[in-house]
Every structure is written in structure tokens, then in C-alpha cells.
Amino acid sequence: VTSSGVRLGPSSTLAFFWQDIASATIVTLAFALMRPRWVTWAVCAIVVGYIALSAPLTIVLGSPLTWTMIRAARGALSDSVRHHVTAHNVIAIGLVWAAGLMGAWIAGILTRRLRVTASAVMLTACALGLWAASRIDTIGLDRNALTALLPRDHAVGALSIRAASRRSPFPGASQQAGAVDLTSYRGAARGMNVLLIVLESTAAQYLRIYGAADDPMPTVTRFATHALIYDRAYAAYPESVKGLYATLCGRMPVFGMPAEAHAALPCASIARSFGTAGYRTALFHSGRFGYLGMADLLRGMGFGHLEDAGAIGGHIESSFGVDESSTVDRLLQWIDAADTPMPFFAAYLPTAGHHPYATARPGPFAGDTDFD
């Protein structure tokens, strides 16, 4: 049983590895059919090099590179990329690259008869693996560095555009035993100021209100003594920019669609709703709006004021953004600068929970590990 809860057996093992076998089959056939031979070796070296580069990334991220990851791994993540350029990872890349080229060399010196036999065996294994994969949930662990780049069909994408934004995907959920009736709170906060804080890359298991031993956010813990706490909430999408779309619009993001393209989808933005109700509105982000199309997404959300790391500046600056104390100072200045008694709605998007954890002073825990 893997750490992800998948039980391995003869058929399920083929389900997880048939894509690797298919890739090896293609290399074997390429050496048999492609001419001139130097072209074969050049293509092989590039493909194997890419696979080798993906090896340490898969160890760190739990997934091979996808197009979304490749698009994201630019300037904003350069500090994090440099952090993982270690001797261990460089050696891992070299070993995988050498092993791949050695396998290609062996395929190249096989006799034609052995190549045909090996290809037939591998094609049979691929067919059995494809059959097995259709009968078990591989949760994406069957992908390798090459097949992770191929498009995958996500039926939920089309559904998310057509479905009514407020319709529950779980029919009868409101009638389930133990469901809490919150209608008595309707209008209770009328006229109050509203601050929305979106914690990126922050797992519930590390917060005291959800049972963590340490307490990295004591202020939140104090608020929790007189707050409504939801302990069964789920991410709408495993990408922060699309999660922001879901938060501000109350709609499911679309699989396979770039974040900036969501700007054209229908959205009853919470910022626009507050603005219509007579609130001042603003969003402050310790990162940069240029990351993964966030600027396009936010442009039509109805915020009266937008600032990111470029406008804020800071005491500490990383490739990902600026320190949180600088962002909070700007947010408070905006609040204090009001020349009318209008209430405000402000969204605050910190990045300190995201590697490289840039701070202007030491954190609350002793030690120099990423976790501390």
C-alpha cells in the first residue's frame, strides 16, 4: 500500500507503469526505424534529459512537471528553484540521465529480432496496463514526465460553466443530519468593516484552531473564540489564482482553462457587491499580479484600489514578493486615509506561507528548517 492509500498488486502495478513502458517502447522503435542515427541520439538525449530534470521535482512536488507548473516556474519562483539546486538533486539528475542513455544504447545494439520481440512484450504490457488503469483510481500517480504534458479530459470543466453558481454539487446536503442553520446570522454584520484574508499554501493541520500543537497564528486563535469555524471546507482547485477566482466569484474554476481566461466568465464579484452597497474596496497582495494571469483576473473584479509587491515595496524582497509587515502597513494606511465614514471591504493576500518564506525578522519557532 502506497502512502496515498493505493494498494499495489500484479494488475495495479501495470496500471501505474504502463506509460513508462510505452515511453521505453517508443525509444526502442525509434532506434530501429529512425535515420540517421545521430538524429535518434540527439532526440533521445533531449527527452531523457527532460525526464532526468523531472526526477527531483517529482520528489519535491509529488508530481512530474505539467504545463501549469512550467508556466508558473519563472521569475516568481526563482528563489525556490535555486533553493533545490543541491548536490543531491544534481547527482540524481545525472544518474537518471546516464541510466536513460545506457538503456537507449542497449536498445540500439539489440538485433532486429530481439527488438521486435521486446517491442511485442512491451506493447502487450501496455495494453494490459491500460486495461488495468481503467478499473482502478490511480489518482494521477500513473503519469510520468512525458505523459503529464498530455491533455487530460476533465468533465467537471464543462459542468462548472453551465451549473448555477449557487447550486450545491451535493443534493440534499442542507437536509443532512447535523447541518447547521445559519439564516439567523443574515444581516448581523450590516455596516461593519470586512477584511478578507486569503492564506496561500497554508494547511489546516498546522493551525491551532484545527488541532495543531504549535500556534503560528495566535491572533487567529484568539478570534476563533468568538467566531464561526468551518471544519469541512475543500479547495475548489489546486492552484492559488483559480482558488482566488472561486473565492471572489463564488463559482467553480474551469479545468484546463488559463486563469486569465476566467476574466471573461460571468462573475458576481464580492468586491463589486460591496462597492454597490457603498463600501470602499481594495485588495493588497504581497506577491505580484503578473503571476499566472492574476492581473487580468482582478482587473474586472470591481476593486476600487489594487496594490501588489511592486507598488508596496518592502524591507525584505524575494522573487515571490515582499514581507508581510510592509503589506499590512500599506493596508492600514489605506484604511486610515479615508476622508468619509464609509465602511470598507479589504482583501489581503499574504505570501509568507509560500516558499521562500521571506520575513523581515525571525519566525516564532527556533530552528532554520523550512518548517520552522
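Quick summary incoming for the structure in this document. (Residues numbered from 1 in each chain as written. Predicted model: local features only at pLDDT ≥ 70, side-chain atom pairs only at ≥ 80, totals over all residues. Heavy atoms only, no water.)

### Focus on the pattern of salt bridges
- Summed over the entire model, instances satisfying the criterion amount to four salt bridges.
- Among the salt bridges present, the one from Arg299 reaches Asp296, with a minimum N-O distance of 2.7 Å. Here Asp296 and Arg299 lie together in helix H11 (residues 294–299), a separation of three residues that amounts to about one turn.
- Residue classification places Arg299 among the exposed residues on the basis of a relative accessible area of 59%.
- The partly exposed category is assigned to Asp296, whose relative accessible area is 35%.
- Here Glu307 and Arg330 are joined by a salt bridge, their closest N and O atoms 2.3 Å apart. Remark: Arg330 occurs in helix H13 (residues 324–336) and Glu307 occurs in strand S3 (residues 306–307); sequence separation between them is 23 residues. (Salt bridge = Lys/Arg side-chain N within 4 Å of Asp/Glu carboxyl O. Helix = DSSP H or I, 4+ residues; strand = E, 2+ residues; numbered from the N terminus. Buried < 20%, exposed > 50% of the residue type's maximum accessible area, 1.4 Å probe, protein only.)

### Description of the pairing of strand S4 (residues 344–349)
- Burial runs high along S4: six of the six residues are buried.
- Across the two faces of S4 the burial is the same, with Phe344, Ala346 and Tyr348 and Phe345, Ala347 and Leu349 all buried.
- Judged from the four bridges that link them, strand S1 (residues 194–197) and S4 form a sheet pairing that is parallel. Counterpart to Leu195 in the pairing with S4 is Ala346.
- In this structure, strand S2 (residues 280–285) lies alongside S4, joined through six bridges in parallel fashion. What sits directly across from Thr281, in S4, is Phe345. (Pairing = 2+ DSSP bridges.)

### A few points about the environment of Ala30
- Here Ala30 shows up in helix H1 (residues 10–33).
- Between the C-alpha atom of Ala30 and that of Ala104, which follows or precedes it by 74 residues, the distance is 9.7 Å.

### Some remarks on the sheet that holds S1
- Reading across from one edge, S1-S4-S2-S3 is the order of the four strands in this open sheet, with parallel pairing throughout. Each of the sheet's edge strands pairs with one partner strand only, and the pair in question is S1 and S3.
- Packed onto the sheet, H13 meets S1, S2, S3 and S4 and runs at close to 170° relative to S2. (Contact = heavy atoms within 4.5 Å. Axes fitted to C-alpha atoms, helices over the stretch in contact; angles between N-to-C directions.)

### Comments concerning the state of the cysteines
- Tallied over the full model, the rule gives one disulfide.
- The disulfide that involves Cys249 links it to Cys267, with 2.1 Å between the sulfurs. Sign of the S-S torsion, about -90° for the bond between Cys249 and Cys267, identifies this disulfide as left-handed. Residue Cys249 is located in helix H9 (residues 240–249), and its partner Cys267 is located in the loop between H9 and helix H10 (270–276); the two are separated by 18 residues in the primary sequence.
- Residue Cys249 is classed as buried on the basis of its relative accessible area, which comes to 7%.
- Its relative accessible area of 24% is what places Cys267 among the partly exposed residues. (Disulfide = S-S within 2.5 Å.)

### Re the packing of helix H2 (residues 37–61) against helix H5 (residues 87–109)
- Axis separation between H2 and H5 bottoms out at 8 Å; the angle between their running directions is 145°. Here the hand of the crossing between H2 and H5 comes out right-handed. Facing Arg37, Trp41, Cys44, Ala45, Val48, Gly49, Ala52, Leu53, Ala55 and Pro56 of H2, the residues of H5 in contact are Asn89, Ile93, Val96, Trp97, Gly100, Leu101, Ala104, Trp105 and Gly108.
- Among the residues making up the contact of H2 with H5, the classes are represented as 14 nonpolar, four polar and one charged. (Left-handed = near helix turned anticlockwise from the far one by under 90°. Nonpolar A, V, L, I, M, F, W, Y, C, P; charged D, E, K, R; others polar.)

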